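Chain and residue survey
Okay, here's what each chain looks like letter by letter:
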Amino acid sequence: MNSTVADFTSHYYDSLVWMNTYWMGQHIYKCPLDLFLYQEILFRVKPDVIVECGTNLGGSALFLAHMCDLLGSGKVITIDIVEIARPQHERITYLLGDSISPEIVSQVKQQISPEDVVLVILDSEHTEEHVFQELSLYNQLVTKGSYLIVEDTLVNGHPIIPAFGPGPMEAVQKFLLENDQFNIDSNQHKFFLTFNPKGYLLKVK
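Residues numbered from 1 in each chain as written. Predicted model: local features only at pLDDT ≥ 70, side-chain atom pairs only at ≥ 80, totals over all residues. Heavy atoms only, no water.

Take the sheet that holds strand β5 (residues 92-96) next. The strand order β5-β4-β3-β6-β7-β9-β8 describes an open sheet built from seven strands, whose pairing is mixed. At either end of the open sheet lies a strand with only one pairing partner, and these are β5 and β8 (182-184). On average, each strand axis in the sheet is inclined to that of its neighbour by 20 degrees, with strand direction left out of account. Bridge count for β8 against strand β9 (residues 200-203) is three bridges, and the pairing is antiparallel. The partner of Asn183 across the bridge, within β9, is Leu202. (Pairing = 2+ DSSP bridges. Helix = DSSP H or I, 4+ residues; strand = E, 2+ residues; numbered from the N terminus. Axes fitted to C-alpha atoms, helices over the stretch in contact; angles between N-to-C directions.)

Next comes the structure, spelled out in structure tokens:
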């Protein structure tokens, strides 16, 4: 990431405008350019199942469900440890629990058929250990030609919050050393500003 992009990314993040961003009236804590990339990816991949680890307020799950509406197919399975009121949609299934627990992983697998095209988004606890465990568990569900997207790889000095400690970026680096089924899709850096640098992992094998 060059210095100009890093400086703008830091400025954008520090402005906290991303915390004042909405999808259809629902808070959605995302960079809008990443949402546009999501739209492009969903159109190409046309997933039958989108697994989202980390629901938060549910805005991104609603966005994904609406993209599925436009595509005419697909469902969203979204996981969080906190139970709160969230937007309802017929394509969304909310699961309550830890994304790396055997019970939750089993529930997710039960809702996926062998012929389904699956895309996974990791956006829950951002420690290296937790994200690496998610990568190790959920990469198996991703279909060849689809994506395993790791959110918020920009923390721990990539380029924001240098004191964060090892997080999603470090988990991705460790995962790719051990797994040759995924490549970083650098095409997803085309808008320069992203909360997920090197986090768009394309399954190639």
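From this point, things continue past the structure.
Where helix α5 (residues 128-138) meets helix α6 (residues 168-178), the axes come as close as 8 Å, and the angle between the chain directions of the two elements is 40 degrees. Taken together, α5 and α6 sit at an angle that is classed as oblique. Regarding α5 and α6, the two cross each other, and that crossing is right-handed. Across the interface between the two elements, Glu128, Val131, Phe132 and Leu135 from α5 touch Pro168, Glu170, Ala171, Val172, Lys174, Phe175 and Glu178 from α6. Along the lines of polarity and charge, the residues of the contact of α5 with α6 split into seven nonpolar, no polar and four charged. (Parallel < 35°, antiparallel > 145°, perpendicular 65-115°, else oblique. Left-handed = near helix turned anticlockwise from the far one by under 90°. Contact = heavy atoms within 4.5 Å. Nonpolar A, V, L, I, M, F, W, Y, C, P; charged D, E, K, R; others polar.)

Along a regular strand, successive side chains alternate from one face of the sheet to the other. With respect to burial, strand β3 (residues 49-53) is a largely interior element, five of its five residues being buried. With burial as the criterion, each face of β3 is covered, one bearing Val49, Val51 and Cys53 and the other bearing Ile50 and Glu52. Bridge analysis of β3 against strand β4 (residues 75-80) gives five bridges, and the strand direction is parallel. Within β4, the residue paired with Val51 across the bridge is Ile77. Traced from β3 through helix α3 (residues 59-71) to β4, the parallel crossover comes out right-handed. (Buried < 20%, exposed > 50% of the residue type's maximum accessible area, 1.4 Å probe, protein only. Right-handed = clockwise from strand over helix to strand, strands pointing away.)

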